[in-house]
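Coordinate analysis (summary)
Each chain, letter by letter, is given below.
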Amino acid sequence: MAVLMDAGEIEKAVDTLAESILGKTTEEVAIVGIRRRGDEVAERVCERLKAAGRSFQFGILDISLYRDDLAHLTENPKLQSSDIPFVVDGAHVILVDDVLFTGRTIRAALDALTDYGRPGKIELAVLIDRGWRELPIQPDYVGKALETERLDEVVVSLRDTDGADAVKLEQKD
Amino acid sequence: MVRKDLLDLASLERQEVEEILDQAIPFKDLFQRSVKKVPALKGKTVLMLFYEPSTRTLSSFEVAAKRLSADVTVFDVPHSSVVKGESVKDTIDTLQAMQADYIVVRHQMPGLPGRIARMTGASVVSAGDGAHAHPTQGLLDAFTLREIYPESGKKVLIVGDIRHSRVARSTSTVFRKLGYEVAFLGPGSLVPDVPGIKRFTSFDEAWRWNPDVVYLLRVQKERQGAQYYPSVGEYHKLYGVTEERFRLIADEGKWVMHPGPVNRGVELCDAVMDYERTLINRQVENGIAVRMAVLYLLKPKLARMES
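What counts as what
Residue indices begin from 1 for each chain and proceed along its sequence in written order. Chains carry letters and ligands carry numbers; both start at the beginning, A for chains and 1 for ligands, and go up in the order they are written. Thresholds applied to this predicted model are a pLDDT of at least 70 for local features of residues and 80 or more for the giving and counting of side-chain atom pairs; totals over whole chains, interfaces and linings are not thresholded and use all residues. Remark: hydrogens and water are excluded; side-chain values derive from all non-hydrogen atoms of the structure. We call a set of buried residues a nonpolar core when its members are Ala, Val, Leu, Ile, Met, Phe, Trp, Tyr or Cys and they connect through side-chain atoms within 4.5 Å of each other. Exposure is judged per residue with a 1.4 Å probe applied to protein chains only, and the accessible area is read against the type maximum: over 50% gives exposed, under 20% gives buried, and values in between give partly exposed. Helix and strand assignments come from DSSP, with helices taken as H or I runs of at least 4 residues and strands as E runs of at least 2, each series counted from the N terminus. Domain boundaries shown here were taken from an automatic or database domain assignment. Throughout, a contact is declared for two residues whenever any of their heavy atoms are within 4.5 Å. Here, any two strands with at least 2 DSSP bridges between them count as paired. Simply put, an axis is a line fit to the C-alpha atoms, just over the touching stretch for a helix, and the angle between two N-to-C directions goes from 0 to 180 degrees. The directions considered for the arc run from the helix axis to the C-beta atoms. When two parts are put together, the accessible area they lose, computed with a 1.4 Å probe and summed over both, is reported as buried area. The rule for a salt bridge is simple: a side-chain nitrogen of Lys or Arg has to be within 4 Å of a carboxyl oxygen of Asp or Glu. Two N or O atoms count as a polar contact when they lie within 3.5 Å, although within protein this holds only if one can serve as hydrogen donor and the other as acceptor, and sequence-adjacent residues are included solely when both atoms are side-chain atoms. Here roughly perpendicular refers to angles of 65 to 115 degrees, roughly parallel to angles under 35, roughly antiparallel to angles over 145, and oblique to all remaining angles. With the far helix as reference, a near helix turned anticlockwise by less than a right angle produces a left-handed crossing, and one turned clockwise produces a right-handed crossing.

So, the nonpolar core
Core analysis: the largest hydrophobic core is formed by 87 residues, its most contacted members being Leu61(A), Leu65(A), Phe27(B), Leu139(B) and Ile158(B). With nine residues, helix α12 (residues 280-297) of chain B is the single largest residue contributor to this core. Counting contributing residues, this core receives three or more from each of domain 1 (14-133 + 286-305) and domain 2 (135-284) of chain B. Once residues lying within four places of it in the same chain are set aside, the contact partners of Leu139(B) are Leu6(B), Leu9(B), Val17(B), Ile20(B), Leu21(B), Val290(B) and Val294(B). Judged by nonpolar contacts, the second largest core, of 27 residues, contains Val14(A), Val41(A), Tyr141(A) and Leu158(A).

What follows is the structure, given as structure tokens:
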């Protein structure tokens, strides 16, 4: 598997995300990470917002129950609890995920989030945009854009979730 | 866990039981939201096939299925087909034609849900079959017990007509599987000898065993009479939580469980219902979460899904 990004490049991509969020927003935002790994990216973005003296809310979303492919799976994904400890009504939410690919996870996340209330605004921040959307969904903040083939697999590992930071590419014929 | 059906708890590995209980936690968390519904079973059909009347279990499954966005149909058999002489096989064929994805069955005949499960690709969940099993009751009891005592090794005293109770069977099976200690208390003729389970016939004797939880079974009033116990009044005196026994329970902070619906003045006195360590309402709430987890985890094997 070819290494696409090492730990340093991942840190740089998180910097880029945090800086663009700081540059574009003025009011308090709610950073919501999508399980799994989106939550860890979100935590790292929040560390930088904190260092910059910005106040923010933080939440975690598990979207398993909102997936559009459950009926096609032979075993359903393991659920974890979502944790949305702030009032969603009227909030400016920034959804955070590790990789943006088909857009289906984000579609599910939008449904899951709006079951908690009616946000004033929802934006999308992704560590990596690898292209190949199947839905009309585009990110507002991107850490790094990667050129990939449709069948490639982009494998992200993160420190707290997987033990080490790396982005690898697995090519399928 | 990859399973089509849930017919009993005896055939589940401990780790499978724990998986179901773990998966019920996120479902219980949903009850804090204003929107309690999730789309996981959208477009799926859940049929409730109840050959025996049951308000609580039926409603609990119905709420669970609806919170998963499934379409729910209640097939109330005692009042329809059985009267008309339709066989179980014919009923199943009818359900097949309705393309049910999940069938929840309650029947007085032990093993019937298993027979139905073999006849259909739909996932079958037993909601109680004779004295055989009531797996979701056992699971919700285990979920509730684990909430108050996450560590195993605690002691549960199950009180009542053990012999005829599928609740006693499923609940004691799952408690022991998870490492809790179980003892039975009841009239001698109604307490079977089960290896590994202590057997008591007097309340005082059972109390000295020092249980952490007292689990009261519902008294089936139609079983009163000389054969089992003389009267419900007599039952209350011998095995019920009387005012006097309630003071013992409250003083020592023991927990009380009951599958419902309770017979006040028989299994327990009124004061127990207002006691802060009575878990009956929590069992009802947890029942919905556990049944949601069961429906979520089971996978029907339907021909039309393979295309």
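Let's pick the thread back up.
Remarks on the sheet that holds strand β7 (residues 153-157) of chain A
Residue and element names in this part refer to chain A. Here we have three strands laid out as an open sheet, ordered β1-β8-β7, and antiparallel in their pairing. The open sheet terminates on both sides in strands that have one partner only, identified here as β1 (2-5) and β7. Direction aside, neighbouring strands of the sheet carry axes that sit 35 degrees apart on average. As judged from the three bridges shared by β1 and strand β8 (residues 166-170), these two strands associate in the antiparallel manner.

Things to note about the sheet that holds strand β4 (residues 123-129) of chain B
Residue and element names in this part refer to chain B. Read from one edge of the open sheet, four strands run β2-β1-β3-β4, paired in parallel fashion. Unpaired on one side and paired on the other, β2 (71-76) and β4 mark the two borders of the sheet. Here the strands of the sheet are splayed against their neighbours by 15 degrees on average, with no regard to which way each runs. Pairing between strand β3 (residues 102-107) and β4: five bridges, direction parallel. Directly across from Ile103, in β4, lies its bridge partner Val124.

Things to note about unusual backbone geometry
With an omega of -20 degrees, the peptide bond running from Arg35(A) to Arg36(A) counts as cis. Cis rather than trans, the peptide bond between Gly260(B) and Pro261(B) has omega equal to -10 degrees. Assignment of secondary structure puts Pro261(B) in the loop between β9 (255-257) and α11 (270-273). Phi at Ser69(B) is positive, roughly 70 degrees, even though this residue is not glycine. Position of Ser69(B) among the secondary structure elements: in the loop between α2 (56-67) and β2. Owing to a relative accessible area of 15%, Ser69(B) belongs among the buried residues under this scheme.

Remarks on helix α4 (residues 88-97) of chain B
All names here are of chain B. Among the residues of α4, those classed as buried are Val88, Thr91, Ile92 and Leu95. End-on view of α4: buried residues confined to an arc of 100 degrees, all on one side of the axis. In the segment just after α4, Gln99 is the residue with positive phi, at about 55 degrees.

Let's talk about the interface of chain A and chain B
Every contact between the two is made by 17 residues of chain A and, on the other side, 18 residues of chain B. Together chain A and chain B conceal approximately 1,600 Å² of surface at their shared face, both sides included; 53% is due to carbon and sulfur atoms. Here chain A is connected to chain B by one salt bridge. When the shortest N-O distance is used, the salt bridge between Arg33(B) and Asp115(A) registers 3.5 Å. For the interface between chain A and chain B, the tally reads 10 residue pairs in polar contact (both at pLDDT 80 or more).

As for the domain arrangement of chain B
Residues and elements named next belong to chain B. Split by domain assignment, chain B resolves into domain 1 (14-133 + 286-305) and domain 2 (135-284). With centres defined by C-alpha atoms, the gap from domain 1 to domain 2 works out at 27 Å. With 28 residues of domain 1 at the contact, the number on the domain 2 side is 25 residues. One can count three salt bridges joining domain 1 with domain 2.

Some details on the packing of helix α1 (residues 14-30) of chain B against α12(B)
Residues and elements named next belong to chain B. It is at 8 Å that the axes of α1 and α12 come closest, and there the two elements cross at 115 degrees. In terms of their interaxial angle, α1 and α12 are classed as roughly perpendicular. In terms of crossing hand, the pair formed by α1 and α12 is right-handed. The segment α1 lies against α12, with Glu19, Ile20, Gln23, Ala24, Phe27, Lys28 and Leu30 engaging Arg282, Glu285, Asn286, Ala289, Val290, Met292, Ala293, Val294, Tyr296 and Leu297.

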